[in-house]
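Residues per chain are reported as follows:
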Amino acid sequence: MLAAAAVCPHTPLIVTALPELRAACRTAIAGLLETGPDAVVVVGGAASTAAYDGDAAGTLRPWGLDVTAGRGEPVLPLSLTVGRRLLGERAPDAFQSVAFDAAAEECRTIGVKLAEAGERMALLVMADGSACLTPKAPGRHDPAAQAYDDLIAHALAAADAAALAGLDPAEADRLWAGGRAALQVLAGAAGTGTYEGRLLMRAAPYGVGYFTGLWTWRLGTGTFIRSRASTTSPSK
């Protein structure tokens, strides 16, 4: 099952700029790890769908930054490289890229498989919103971009997996929303479970939607938090 998930932007700027957003990401990741998951998997969009071992490495040199994450020959795509960098000393157990143009059902299936891979799985989901929010954004300004990002922000705050599952791939492509596929993997992993959602930060400093959020699994009225040193039952 999915025990927890953190959502962070996959922009390389999170490494060298945007300190407040980077701090929010660290808060989300700390909350993720506090749940004591059996395994952590980093999920992010890429040109193609692929699985990588947890010791895989990536580099930001193609984006003009002499920054590497992990050890060995860099093979990770941008989104997973940024995720690995944000995790710091805590190496993930695996990485999963999902094609930016993957169908919604394919994303759901990937999410279900990830959630079923262990008793209590955690996902670090790397996902940006629309890049068409302002006239100076990387994509052509589109008035629909604001409503699209509003939907994502609400879904993250409310832990609404159904809303993420319903994102339209064609609209996401038109709005340059690079995180759509990864967010739908999260929706598949969450399924019909009940989660406590928190939107820690939302920003769009360059006309691109950036979000930081945290979902933790709930049992009844209590959030299931298990520290690494504890095997107690869910708190009430």
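About the cut-offs
Residues numbered from 1 in each chain as written. Predicted model: local features only at pLDDT ≥ 70, side-chain atom pairs only at ≥ 80, totals over all residues. Heavy atoms only, no water. Axes fitted to C-alpha atoms, helices over the stretch in contact; angles between N-to-C directions. Helix = DSSP H or I, 4+ residues; strand = E, 2+ residues; numbered from the N terminus. Parallel < 35°, antiparallel > 145°, perpendicular 65-115°, else oblique. Left-handed = near helix turned anticlockwise from the far one by under 90°. Contact = heavy atoms within 4.5 Å. Salt bridge = Lys/Arg side-chain N within 4 Å of Asp/Glu carboxyl O. Buried < 20%, exposed > 50% of the residue type's maximum accessible area, 1.4 Å probe, protein only. Pairing = 2+ DSSP bridges. Lys, Arg positive; Asp, Glu negative; His and termini not counted. Polar contact = N/O pair within 3.5 Å; in protein donor to acceptor, adjacent residues only side chain to side chain. Core = buried A, V, L, I, M, F, W, Y, C linked by side-chain atoms within 4.5 Å.

Engineer: Can you tell me about the packing of helix α4 (residues 104-115) against helix α8 (residues 180-190), naming the residues and giving the values?
Structural biologist: Running from amino to carboxyl end, α4 crosses α8 at an angle of 50 degrees, the nearest separation of the two axes being 6 Å. In terms of orientation, α4 lies oblique with respect to α8. In the crossing of α4 with α8, the sense of the turn from one axis to the other is right-handed. Of α8, the residues touching α4 (which contributes Ala104, Cys107, Arg108, Ile110, Gly111, Val112, Leu114 and Ala115) are Arg180, Ala181, Gln184, Val185, Gly188 and Ala189.

Engineer: Kindly report on the pattern of salt bridges, identifying the contributing residues and their values.
Structural biologist: One pass over the full model with this rule turns up 6 salt bridges. Note that aspartate 66 is salt-bridged to arginine 61, the shortest N-O span being 3.1 Å. For the salt bridge of glutamate 196 with arginine 218, the shortest nitrogen-to-oxygen distance reads 3.0 Å. A residue pair is termed long-range when its members are at least 10 positions apart, and glutamate 196 in strand β8 (residues 195-203) and arginine 218 in strand β9 (residues 210-219) qualify at 22 residues. Judged by relative accessible area, which is 34%, glutamate 196 ranks as partly exposed.

Engineer: Describe the pairing of strand β6 (residues 94-99), and please don't skip the residues or the numbers.
Structural biologist: Within β6, 5 of the 6 residues are buried, which leaves it mostly tucked inside the rest of the structure. Examined bridge by bridge, strand β2 (residues 39-46) and β6 share 6 bridges and lie parallel to one another. Residue pairing in the sheet places glycine 44 in a bridge with serine 97 of β6. Across 4 bridges, the pairing between strand β3 (residues 50-53) and β6 is antiparallel. Of the residues in β6, the one forming a bridge with alanine 51 is glutamine 96.

Engineer: Let's hear about the side chain of aspartate 128: which residues, and what values?
Structural biologist: By the element assignment, aspartate 128 lies in the loop between β7 (121-126) and α5 (144-158). Of the side chains with opposite charge, arginine 202 comes closest to the buried, unpaired aspartate 128, at an N-O distance of 12 Å. Within polar-contact distance, the side chain of aspartate 128 engages the backbone nitrogen of histidine 10 at 2.9 Å. With near-sequence residues (within four places) excluded, aspartate 128 lies in contact with Pro9, His10, Thr11, Ala177, Gly178, Gly179, Val208, Gly209 and Tyr210.

Engineer: Give me the nonpolar core: which residues, what numbers.
Structural biologist: A general trend in soluble globular proteins is that nonpolar side chains are found buried together. Formed by 44 residues in total, the largest nonpolar core has its most connected members in Leu2, Leu123, Leu164, Leu183 and Trp215. Of all the elements, α8 adds the most residues to this core, at 8 residues. Filtering out sequence-adjacent residues up to four positions away, leucine 2 remains in contact with Ala115, Met121, Ala122, Leu123, Leu186, Ala189, Ala190, Tyr195 and Trp217. In this structure, Leu21, Leu32, Val40 and Val67 belong to the second largest nonpolar core, which totals 31 residues.

Engineer: Give a description of the side chain of threonine 212 that names residues and reports values.
Structural biologist: You can see threonine 212 is positioned in strand β9. Ignoring sequence-local partners within four residues, the contact set of threonine 212 consists of Val7, Cys8, Pro9, Leu21, Ala24, Cys25, Ala28, Arg198, Leu199, Leu200 and Met201.

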